[in-house]
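Secondary and tertiary structure notes
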Amino acid sequence: MSAVVVMGTQWGDEGKGKIVDYLAEQADTVVRFQGGSNAGHTVVVDDETYKLRLLPSGILYKGTTCVIGNGVVVDPKVMLEEMDAMEAKGVDVSGIRLSNRAHVIMPYHCLMDGLNEEQRGAGKIGTTKRGICPCYMDKANRIGIRVCDLMDKEEFAKKLKENLALKNHELKALYNHEPLVYEEILAEYEGYAERLRPYVTD
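Structure report, in brief. (Residues numbered from 1 in each chain as written. Predicted model: local features only at pLDDT ≥ 70, side-chain atom pairs only at ≥ 80, totals over all residues. Heavy atoms only, no water.)

1. A closer look at the overall build of the protein chain
Put simply, the test is: By definition, any uninterrupted DSSP run of H or I lasting at least four residues is a helix, any uninterrupted run of E lasting at least two residues is a strand, and each is numbered from the N terminus. Each radius of gyration is computed over the set of C-alpha atoms, and the globule rule expresses the reference value as 2.2 Å times the number of residues to the power 0.38. Whether two residues are in contact is decided by their heavy atoms, any of which lying within 4.5 Å being enough. All accessible areas in this document rest on Shrake-Rupley with a 1.4 Å probe, and a residue is counted as covered only by the protein chains that are shown. We treat Lys and Arg as the positive residues and Asp and Glu as the negative residues; His and chain ends play no part in the count. Every charge is mapped to an atom, namely NZ of Lys, CZ of Arg, CG of Asp or CD of Glu.
If you tally the helices and strands in the protein chain, you get 7 helices and 8 strands. Since a compact globule built from 202 residues should have a radius of gyration of about 17 Å, the 18 Å found for the protein chain is in line with a globular shape. Over its C-alpha atoms, taken along the principal directions, the protein chain stretches across nearly 50 × 45 × 30 Å. Within the protein chain, contacts between residues at least 6 apart in sequence are counted, and of these 68% link residues at least 24 apart. Accessible surface, the protein chain: about 11,800 Å² in total, of which carbon and sulfur atoms supply 50%. Measuring between centres, the 25 positive side-chain charges of the protein chain sit 4 Å from its 31 negative side-chain charges.

Following this line, the structure appears as structure tokens:
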């Protein structure tokens, strides 16, 4: 079985999505192996425009399995919005597979991304404030929440409580920001978990 890997060698806007879309027509499986929903690409088919951030462009080809791999950091809200938008245009999303080892972007990741950017002042780096870097930081720090944790109600509740205690302390100490509410995040993400469950796999 042959495989083709498309990689960019700069920060983006290289046309990777266009190449992947071209190759996807002949592929059984299209795998997104890293990154998050900070970028994306637009595909136009028969005058219909599709905006993709997390979903591999193979989603436009019926019968193609589209994998969001364990190296991707996933904002479940963004993923579900994108899936809903695809379905509204008649695209079959049943071929999506989400790695149970992918890390989950949480509300505190997005918030801290934005607050950190503000603190930089004139030295801003131009982040999209979508929480990608803070989520990768938690992954490297071995405190991140993975999709498999999100799928386990007790484990998710435990990890969220531990992480939020740490993040709320940082929000107060570093940014003088009010704490985030555990119960609100728990309820929101439990809802995401139930909708994503059919697509999650090893």
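There is more to say after this.
2. Describing the side chain of Asp138
Using the following cut-off: Exposure categories follow from relative accessible area, calculated using a 1.4 Å probe and restricted to protein chains: below 20% of the type maximum is buried, above 50% is exposed, and the middle band is partly exposed. Between N or O atoms, a polar contact is any pair within 3.5 Å; within protein, one atom must be a potential hydrogen donor and the other a potential acceptor, and residues adjacent in sequence are included only when both atoms are from side chains.
Mapped onto the elements, Asp138 comes out in helix α4 (residues 132-140). Judged by relative accessible area, Asp138 falls into the buried class, the value being 5%. In this structure the side chain of Asp138 is engaged in a polar contact, spanning 2.9 Å, whose partner is the side chain of Lys167. Excluding anything up to four places from it in sequence, Asp138 contacts Tyr108, His109, Ile143, Gly144 and Lys167.

3. Focus: the packing of aromatic side chains
The condition is simple: Between 30 and 60 degrees the pair is tilted, below 30 it is stacked and above 60 it is edge-to-face, where a pair is any two Phe, Tyr or Trp rings, Trp via its six-membered ring, whose centres lie within 6.5 Å.
Under the definition given, this model contains 2 aromatic pairs. For the pair Phe156 and Tyr189, a centre-to-centre distance of 6.4 Å together with 25° between the ring planes defines the contact as stacked. Note that Phe156 is positioned in helix α6 (residues 153-175) and Tyr189 in helix α7 (residues 182-196), a separation of 33 residues in sequence. Exposure remark for Tyr189: the relative accessible area of 3% places this residue in the buried category. Seen in terms of ring centroids, Tyr189 and Tyr192 are 5.1 Å apart; in terms of plane orientation they differ by 75°. Their pairing is edge-to-face.

4. With respect to the sheet that holds strand β8 (residues 200-201)
Applied cut-off: At least two DSSP bridges between two strands are required for those strands to pair.
Spatially, 4 strands are ordered β1-β4-β6-β8 in an open sheet, and the strand pairing comes out parallel. The strands lining the two open edges of the sheet, one partner per strand, are β1 (29-32) and β8.

5. A few points about the pairing of strand β3 (residues 48-52)
On a regular strand, one side chain projects to one face of the sheet and the next to the other, so that they alternate. Sheet analysis places strand β2 (residues 41-45) next to β3, joined by 5 bridges and oriented antiparallel. Note on β3: the bridge partner recorded for Val44 is Thr49. Between the end of β2 and the start of β3, which pair antiparallel, lie 2 residues, with Asp46 showing a positive phi angle near 50°.

6. Brief notes about the pairing of strand β6 (residues 96-99)
Sheet topology note: the strand β4 (residues 65-68)/β6 ladder contains 3 bridges and is parallel. Residue pairing for β6: Cys66 is matched across the bridge by Ile96.

7. Describing the nonpolar core
Note the cut-off: Grouping buried Ala, Val, Leu, Ile, Met, Phe, Trp, Tyr and Cys residues that are joined through side-chain atoms within 4.5 Å yields what is termed a nonpolar core.
If you look at the biggest cluster of nonpolar residues, it comprises 40 residues, and the most contacted ones within it are Met79, Met83, Leu98 and Met106. Elements that contribute at least two residues to this core include exactly β3, β4, α2 (76-88), β6, α5 (147-151), α6 and α7. Of the residues forming this core, the biggest block, 7 residues, is contributed by α7.

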